[in-house]
Amino acid sequence: RKEVEQDPGPFNVPEGATVAFNCTYSNSASQSFFWYRQDCRKEPKLLMSVYSSGNEDGRFTAQLNRASQYISLLIRDSKLSDSATYLCVVGGSGTYKYIFGTGTRLKVLA
Amino acid sequence: NAGVTQTPKFQVLKTGQSMTLQCAQDMNHNSMYWYRQDPGMGLRLIYYSASEGTTDKGEVPNGYNVSRLNKREFSLRLESAAPSQTSVYFCASSITPGGRTEAFFGQGTRLTVV
C-alpha cells in the first residue's frame with residue numbers, strides 16, 4: 001500500500017462546477033497535511049495547509065479526518081485557471097521528510 | 001523575493017558524465033531537500049539536510065551525493081550519470097525539519113541522460 005494515495009483522475013469538470021478530491025494516508029503518526037498545486041512542467045506550489053478543524057481559503061476548502069486517515073480538497077465555482085495537478089502531501093511523522101501523493105489531475109472545461 | 005533558486009534549468013548529459021545541480025534559498029530556512037519526479041511516480045526524496053552540517057539519505061539516494069555548503073546552499077552531484085537518472089529534479093526548503101511546515105520548491109532542473 002502506498003503511504004499516500006490519490007485518484008490520478010483526470011477529473012474533467014465544466015466551469016462553475018464544484019469538485020472534490022480525496023487523499024488517504026497510511027501513517028497514523030502523521031502530523032502535517034498540505035495540498036500543493038502543480039502546473040504542467042512547473043514546480044509544486046503550496047495551495048493550503050490542512051488543519052484539524054478544517055479550513056477555507058476563498059473557493060477552496062480542506063478537511064482532515066484523522067480517524068479515517070484521509071484529507072479532502074473541495075473547489076467551488078471552478079475556473080479554467082484551476083486546471084492543474086493537485087498533490088496531497090503528508091509530513092511530520094518523525095522522519096525528516098514529506099510524503100507526496102502522485103497527484104490528481106483536474107481539467108476545467110469552458 | 002527569489003525564494004529557492006536552482007541551476008541549471010535544463011541539462012543533457014552523456015552516460016558516464018558527471019554534473020552538479022545547484023540550489024540556493026534566501027528564506028533563512030534550516031532544512032533543504034532534493035527530489036526527483038518521474039511520470040506516475042510522484043516526488044521521491046533523494047537526500048535531505050535537516051540543518052546546516054547534516055545530510056541524510058532519502059528514498060532513492062543511489063547514484064547521487066550531496067553537499068550542504070552553508071545554510072543557503074545544497075548541491076546534488078551525479079558522479080556517473082545513467083539513463084535511469086533522466087528526470088525532473090526539484091530542490092526544496094522548509095523552515096523546520098520533519099515535514100511539519102510547508103516546503104517551498106525551486107523551478108526544477110530537467111535532466112536528460114543519453
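See the structure printed just above.
A few points on the structure. No experiment lies behind these values; they were computed from the predicted model shown.

What counts as what
- Residues numbered from 1 in each chain as written.
- Chains lettered and ligands numbered in written order.
- Predicted model: local features only at pLDDT ≥ 70, side-chain atom pairs only at ≥ 80, totals over all residues.
- Heavy atoms only, no water.
- Contact = heavy atoms within 4.5 Å.
- Buried area = accessible area lost by both parts, 1.4 Å probe.
- Salt bridge = Lys/Arg side-chain N within 4 Å of Asp/Glu carboxyl O.
- Helix = DSSP H or I, 4+ residues; strand = E, 2+ residues; numbered from the N terminus.
- Nonpolar A, V, L, I, M, F, W, Y, C, P; charged D, E, K, R; others polar.
- Core = buried A, V, L, I, M, F, W, Y, C linked by side-chain atoms within 4.5 Å.
- Buried < 20%, exposed > 50% of the residue type's maximum accessible area, 1.4 Å probe, protein only.
- Phe/Tyr/Trp six-rings, centres within 6.5 Å; stacked < 30°, edge-to-face > 60°.
- Disulfide = S-S within 2.5 Å.
- Pairing = 2+ DSSP bridges.
- Axes fitted to C-alpha atoms, helices over the stretch in contact; angles between N-to-C directions.

## So, the interface of chain B and chain A
A common way to report how large an interface is uses the accessible area buried once the components associate. Facing 23 residues of chain B, the contacting portion of chain A comprises 22 residues. Here chain B meets chain A over a buried area of about 1,800 Å², counting both sides, of which 56% is carbon and sulfur. Across the contact surface, chain B and chain A share 0 salt bridges. Counting only elements with at least two residues in the side of chain B that touches chain A, the list comes to β4 (31-38), β5 (42-49) and β9 (87-94) of chain B. Take the side of chain B that touches chain A: its biggest share by element is 4 residues, from β5(B). Taken together, the residues that form the side of chain B that touches chain A break down as 11 nonpolar, 9 polar and 3 charged.

## A short note on the nonpolar core
Among the nonpolar cores identified, the biggest contains 24 residues, and Phe21(A), Trp35(A), Ile71(A), Leu73(A), Ile75(A), Tyr86(A) and Leu106(A) are the most heavily contacted of them. Every residue in contact with Ile71(A), bar those within four places of it in the chain, is listed here: Phe21(A), Asn22(A), Cys23(A), Tyr25(A), Phe33(A), Phe34(A), Trp35(A), Val50(A), Gln63(A), Leu64(A) and Cys88(A). Ranked by size, the runner-up nonpolar core spans 20 residues in total, among them Val4(B), Met19(B), Cys23(B) and Val66(B).

## Some points on the packing of aromatic side chains
Tallied over the entire structure, the rule returns 14 aromatic pairs over all chains. Ring geometry for Tyr36(A) against Phe105(B): centres 5.9 Å apart, planes inclined by 85 degrees, an arrangement best described as edge-to-face. Of this pair, Tyr36(A) sits in strand β4 (residues 32-38) while Phe105(B) sits in strand β10 (residues 104-105), placing the two residues on different chains. Exposure remark for Phe105(B): the relative accessible area of 8% places this residue in the buried category. The interplanar angle of 65 degrees and the centroid separation of 5.4 Å between the aromatic rings of Tyr98(A) and Tyr33(B) together place this pair among those described as edge-to-face. Here Tyr98(A), found in strand β10 (residues 98-100), pairs with Tyr33(B), found in strand β4, and the two come from separate chains.

## Regarding the state of the cysteines
Counting across every chain of the model gives 2 disulfides over all chains. Here Cys23(A) pairs with Cys88(A) through a disulfide, and the sulfurs are 1.9 Å apart. Around the S-S axis, the bridge from Cys23(A) to Cys88(A) shows a dihedral of about -70 degrees and counts as left-handed. With Cys23(A) in strand β3 (residues 19-25) and Cys88(A) in strand β9 (residues 84-91), this pair connects stretches of sequence that are 65 residues apart. Note on accessibility: Cys23(A) and Cys88(A) belong to one class, buried. At a sulfur-sulfur separation of 1.8 Å, the disulfide partner of Cys23(B) is Cys91(B). Taking the torsion about the sulfur-sulfur bond, which here is approximately -75 degrees, the covalent link between Cys23(B) and Cys91(B) counts as left-handed. Of this pair, Cys23(B) sits in strand β3 (residues 19-25) while Cys91(B) sits in strand β9, placing them 68 residues apart in sequence. Judged on exposure class, the residue Cys23(B) and its partner Cys91(B) are both buried.

## Re the sheet that holds strand β8 (residues 70-75) of chain A
Residues and elements named next belong to chain A. Ordered in space as β1-β3-β8-β7-β6, the 5 strands form an open sheet in which the pairing is antiparallel. Single-partner strands in this sheet number two, and they are β1 (4-6) and β6 (55-57). For this sheet, the mean inter-axis angle between neighbouring strands, taken without regard to orientation, is 20 degrees. Two strands pair when backbone bridges link them, and β6 and strand β7 (residues 60-65) are joined in this way by 3 bridges, in the antiparallel orientation. From the neighbouring strand, Glu56 faces β7, where its bridge partner is Thr61.

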